[in-house]
Amino acid sequence: MQPRKYPPILPLVPLPPSDDEEAEFWKPGPRRLRAGACTRCRNRKTKCDGARPRCSNCVKRGFTICVYIDKVKAGPEALEVLELLKMLPEKQASALLDALRETGDVESALSVFGERGGDIGSLALEPGAQGSSSVRNMLELELMDKNSKAYPPTRPIHASVLAKSDLLRPVRPSAEAYENPPALHAASASRRFQLPASPRQEAAYCDERLHNLQVGYWTDVTVTDDFAARVLSLYITTDHPLLGLFSPDLFITDLVNHQARFCSRFLFHALMYLGCLMYSAVDANAIRYATQFREVAEKLWVGEQDSCLTMAGAILLSLSLIGNGRDHSVLFYATQAMRIGENLGLFDGGKVGAVLPGENTPEEDVKASSYAAWGTFNWNVLISLFYRQPGSESPSSTPTVPIPGEAPLAQPEDEVSDEHFTGEGLLEVVFPAVCRFWRIIRGAAWIYNPVHDPPPAGLKMAFAEHTFRELIALAEALPPTLLRGEGRSHHVTVLHIWLHSAILDIFRPFIGKPEDQRARLTTFSASESSPDAAYAASVDQLKRLVADYRGHFVESTYSILWHTGPLYLANAMLRDTDDPEWRLYLLLCIYGYESLSRPYRISEVIVQGLLSMTMRDTDMTGSEAQRIIKELKEGRLDGVKRDSEDKIRATFMVDMHLALNDPEEASAENLAAEFDNMALFQDFLYQERMDI
């Protein structure tokens, strides 16, 4: 066997001399940059000499245009310019392109374009506007790419547009102010809606059969048939698709025919109580009737028998009493509704005899039982998010009856508007998705509420990520009518507000840790796949959702179901005061409660709690906080002002981060109680700084 021959080893190159002047000789020179190829040569895969304005190949072939795409890092401004060029009207797009050619820099081009009257603001608050987004981390980018139904790319709202908006100012909602609203300037961000018809205007009821309503059969409260029909219509079209509780078709049938199978005096009075609170945004007299309907409903409760109608009425009372600051009864009625459901066999562990689908069971009875059971289940899961105290735990089981209307209505992809759905049809589209959502949240109750068997500490992050994945899968499976976009009903926005608020709760216990101690989400490929990154991605979505809801949906002035959004977004802003826009979005949330303060006295307590947190954690002065509270009080109705003399009870959570360790101190009423002292202390500190 011949030995293998190796090439000779060359001698070692001598080290450079230590003298500095000679050492310079050994330093590598600047890298020689080669000119990039034009697009045509790239496509043909031919050598390009990079000559400008036309390379030799393009000259030889007689092409008059030779395009070069220089490799530069495209920041958010460049993406914004690209989206504006695609979305602006032709004349404005040409003006922006001229500014870009003139300046050669995207930031300068946007500035020059705005100075010349360019209308960027008109696109800034369009509902569901798609386009480039201010992405904060790579996980957010991955979510937008692979899960765009839950995390649609949306263009950021310009801070200057939001700062000038009336969304950050007190606006007194009244029918007179909105009957003939002033024309909105195209470049302004503002409320773009009208309130429902005032008592002086003819109204379209949600169901034509309400024209036959004889309200005197059901109540001794002196209201007209028209008033009752308007109130019922407002509730059925606004909150009911999200709450379920009963079939509107069956309810109205018995209501106008004076039957008691699917309608009762107790349910009617509980519904009118909530409806009058909502309708007070249109008719100031409604708040007076709300008190009368509440008093009658509470008297009727004493003699009520266990039934699906009683369950529905109890949940309506629970919701109404939250807004009215009568916290001692909120949990009572919610838990009593669960107890009735168990007695009727609608939940595991209850009595046998639930109304289940079968040959001998009328379809109407199955529908009524399903709506009552799932509406009660959903509400109890929802309030467990906020109260986090004994008596507010999530239900121990899901209902034994099927989700009503489980299969969503089929709809072609090109018919994405749900405006044609009303009454029962709208309920059957929205409510099944709501039930599936709260069913997922109940499975994660251990995250935010003490339970008997939480997962081991080492597995909590994995369980949280699994729940996150379940919520994303739910959003990705939604039918087109429940996806965000122009022309959708307000229920779609509320559902997505709930979705991203829940995601904040899921990751809240795991965020804020040092970078080297952060857990990693194992089912995502992005390099920054952490709870903090997922939390930030949902905060960005909430910013858009809250702004859209306040700016485009009249329901923001009289439905309390959406207030999860401003509450959670305000908490997120106070935890991230490095965000240069934190104050703008905090005010966006606070003045969202100002819009609700007309009918709901609890709004003032929530705002006082949020402002106490703001003064505690930031440099907000006591005078500024006092001014905001004064504006809220000026917008209240007389009936709400009189009620405010009673002590407001609000033991639900406002400081969501503090609630992880000290739920009692994090409650709305305790934080609100600190407001006056905190305001005095902040003004004292401010005066001291001024004197130095």
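With respect to the overall build of the protein
Consideration 1: In terms of helices and strands, the protein carries 29 helices and zero strands.
Consideration 2: Contacts in the protein between residues far apart in sequence, at least 24 positions, make up 72% of those at least 6 positions apart.
Consideration 3: Accessible area of the protein: about 32400 Å², with a carbon and sulfur share of 52%.

Topic: helix H26 (residues 622–634)
Consideration 1: Across its 13 residues, H26 extends 18 Å between first and last C-alpha, which sits within 8% of the 18 Å expected from 1.5 Å per residue.
Consideration 2: For H26, the set of buried residues is Gly622, Ala625, Ile628, Ile629, Glu631 and Leu632.

Some remarks on the environment of proline 454
Consideration 1: On the secondary structure map, proline 454 appears in the loop between helix H19 (423–443) and helix H20 (460–476).
Consideration 2: As a C-alpha pair, proline 454 and alanine 444 span 10 residues in sequence and 9.4 Å in three-dimensional space.

A short note on unusual backbone geometry
Consideration 1: In this structure, the amide linkage connecting arginine 52 to the following residue, proline 53, adopts the cis form with an omega of 5 degrees.
Consideration 2: Its place among the elements puts proline 53 in the loop between helix H2 (39–44) and helix H3 (56–61).
Consideration 3: The phi angle at leucine 245 is positive, at roughly 80 degrees, despite the residue not being glycine.
Consideration 4: Tracing the sequence through the fold places leucine 245 in the loop between helix H12 (240–243) and helix H13 (248–257).

Notes on the confidence of the model for the protein
Should pLDDT be low for a region, the predicted coordinates there are not to be read in detail.
Consideration 1: Model confidence for the protein is summarised by a mean pLDDT of 82, while 76% of its residues fall at 70 or above.
Consideration 2: Per-element confidence in the protein is highest for helix H14 (residues 265–279), whose mean pLDDT is 97, and lowest for helix H10 (residues 175–179), whose mean pLDDT is 43.
Consideration 3: In the model, residues 119–125 has pLDDT below 50 throughout and makes 34 contacts with residues more than four positions away in sequence or in other chains.
Consideration 4: In the model, residues 173–189 has pLDDT below 50 throughout and makes 39 contacts with residues more than four positions away in sequence or in other chains.

Brief notes about the side chain of serine 384
Consideration 1: With respect to the helices and strands, the residue serine 384 is situated in helix H18 (residues 363–387).
Consideration 2: The class of serine 384 is buried, set by a relative accessible area of 0%.
Consideration 3: Within the structure, the side chain of serine 384 is placed 2.5 Å from the backbone oxygen of valine 381, a separation counted as a polar contact.

Observations concerning the environment of cysteine 435
Consideration 1: When you line up the elements, cysteine 435 lands in helix H19.
Consideration 2: By relative accessible area, cysteine 435 is classed as buried at 0%.
Consideration 3: Spatially, the C-alpha atom of cysteine 435 lies 8.5 Å from that of phenylalanine 377, the residues being 58 residues apart in sequence.
Consideration 4: Excluding residues within four positions of it along the chain, cysteine 435 makes contact with Trp374, Asn378 and Ile403.

Some points on the packing of helix H15 (residues 286–301) against helix H16 (residues 308–323)
Consideration 1: Relative orientation of the contacting elements H15 and H16 amounts to 140 degrees, with a least axis distance of 11 Å. Considering the angle they form, H15 stands oblique to H16. Pair H15 / H16 crosses with left-handed handedness. Where H15 approaches H16, its residues Arg294, Ala297, Glu298 and Trp301 are matched on the opposing element by Thr310, Ala314, Leu317 and Leu321.
Consideration 2: For the contact of H15 with H16, a count of residues per class yields five nonpolar, one polar and two charged.

Examining empty space enclosed by the protein
Consideration 1: Overall, the coordinates contain nine cavities of 30 Å³ or more when judged by the stated rule.
Consideration 2: Counted as a void, the largest cavity has a volume near 140 Å³.
Consideration 3: Leu319, Ile322, Trp379, Leu382, Ile383, Phe386, Tyr387, Ile560, Leu561, His563, Thr564 and Phe652 are the residues that line the largest cavity.
Consideration 4: Counting residues per element, the ones that place at least two in the lining of the largest cavity are H16 and H18.
Consideration 5: Ranked by the residues each element gives to the lining of the largest cavity, the list is headed by H18, at five residues.
Consideration 6: Classifying every residue of the lining of the largest cavity by side-chain character gives 10 nonpolar, two polar and no charged.
Consideration 7: A volume near 70 Å³ is recorded for the second largest cavity.
Consideration 8: Every element with two or more residues in the lining of the second largest cavity is listed here: H13, H16 and H18.
Consideration 9: Counted by class, the lining of the second largest cavity contains nine nonpolar, one polar and no charged residues.

Looking at the packing of H20 against helix H21 (residues 490–507)
Consideration 1: Here H20 crosses H21 at 170 degrees, and the two axes come no closer than 10 Å. Accordingly, the angle class assigned to the pair H20 and H21 is roughly antiparallel. Taken together, the residues of H21 that come into contact with H20 (itself represented by Met461, Ala464, Thr467, Phe468, Leu471 and Ala475) are Leu499, Ala502, Ile503, Ile506 and Phe507.
Consideration 2: Residue classes in the contact of H20 with H21 are distributed as 10 nonpolar, one polar and no charged.

As for the nonpolar core
Consideration 1: Within the largest apolar cluster, 193 residues are counted, with the highest numbers of intra-cluster contacts made by Tyr235, Leu316, Trp438 and Phe468.
Consideration 2: Residues in contact with tryptophan 438, not counting those within four places in the same chain, are Phe377, Asn378, Val381, Leu382, Leu385 and Trp498.
Consideration 3: Within the second largest apolar cluster, seven residues are counted, among which are Cys38, Cys48, Cys55 and Cys58.

Side note on the environment of alanine 475
Consideration 1: Mapped onto the fold, alanine 475 is located in helix H20.
Consideration 2: A sequence separation of 42 residues divides alanine 475 from alanine 433, and the C-alpha atoms of the two residues are 8.9 Å apart.
Consideration 3: Ignoring sequence-local partners within four residues, the contact set of alanine 475 consists of Lys149, Ala150, Leu483 and Leu499.

Structural notes on the pattern of salt bridges
Consideration 1: A full pass over the atoms with the stated rule returns 16 salt bridges.
Consideration 2: The salt bridge partner of arginine 294 is glutamate 298, with a shortest N-O separation of 3.3 Å. Pair noted here: arginine 294 and glutamate 298 are both in helix H15, with a separation of four residues, about one helical turn.
Consideration 3: Assessed through its relative accessible area of 8%, arginine 294 is described here as buried.
Consideration 4: The salt bridge partner of arginine 518 is aspartate 532, with a shortest N-O separation of 3.7 Å.

Details of the packing of aromatic side chains
Consideration 1: Here the structure, examined in full by the defined rule, presents 19 aromatic pairs.
Consideration 2: An angle of 35 degrees between the planes, with centres 5.4 Å apart, marks the rings of tyrosine 549 and phenylalanine 553 as tilted. With respect to class, tyrosine 549 is no different from phenylalanine 553; both count as buried.
Consideration 3: Through a chain of ring-to-ring contacts, three or more aromatic side chains come together here, namely Phe266, Trp301, Phe332 and Tyr333.
Consideration 4: For the cation-ring pair, arginine 288 lies above tyrosine 289, with the distance from its terminal atom to the ring centre recorded as 4.6 Å.

So, H13
Consideration 1: When you tally the buried positions in H13, you get seven out of 10 residues, the bulk of the element.
Consideration 2: Every buried residue of H13 is accounted for by Pro248, Leu250, Phe251, Ile252, Asp254, Leu255 and Val256.

Comments concerning the side chain of serine 318
Consideration 1: Structurally, the position occupied by serine 318 is in helix H16.
Consideration 2: Excluding residues that lie within four positions of it along the chain, serine 318 makes contacts with Val330, Tyr333, Ala334 and Trp379.

Scoring rules and cut-offs
Residues numbered from 1 in each chain as written. Predicted model: local features only at pLDDT ≥ 70, side-chain atom pairs only at ≥ 80, totals over all residues. Heavy atoms only, no water. Helix = DSSP H or I, 4+ residues; strand = E, 2+ residues; numbered from the N terminus. Contact = heavy atoms within 4.5 Å. Areas by Shrake-Rupley, 256 points an atom, 1.4 Å probe, with all protein chains shown as cover. Expected span 1.5 Å × (residues − 1). Buried < 20%, exposed > 50% of the residue type's maximum accessible area, 1.4 Å probe, protein only. pLDDT = per-residue confidence, 0-100. Polar contact = N/O pair within 3.5 Å; in protein donor to acceptor, adjacent residues only side chain to side chain. Axes fitted to C-alpha atoms, helices over the stretch in contact; angles between N-to-C directions. Parallel < 35°, antiparallel > 145°, perpendicular 65-115°, else oblique. Left-handed = near helix turned anticlockwise from the far one by under 90°. Nonpolar A, V, L, I, M, F, W, Y, C, P; charged D, E, K, R; others polar. 1 Å grid on protein atoms, 1.4 Å probe; cavity = no way out; pocket = protein on both sides within 12 Å on 5 of 7 lines; lining within 4 Å. Points joined across faces, edges and corners; volume = space filled by probe spheres on them. Core = buried A, V, L, I, M, F, W, Y, C linked by side-chain atoms within 4.5 Å. Salt bridge = Lys/Arg side-chain N within 4 Å of Asp/Glu carboxyl O. Phe/Tyr/Trp six-rings, centres within 6.5 Å; stacked < 30°, edge-to-face > 60°. Lys NZ or Arg CZ within 6 Å of the ring centre and 35° of its normal.

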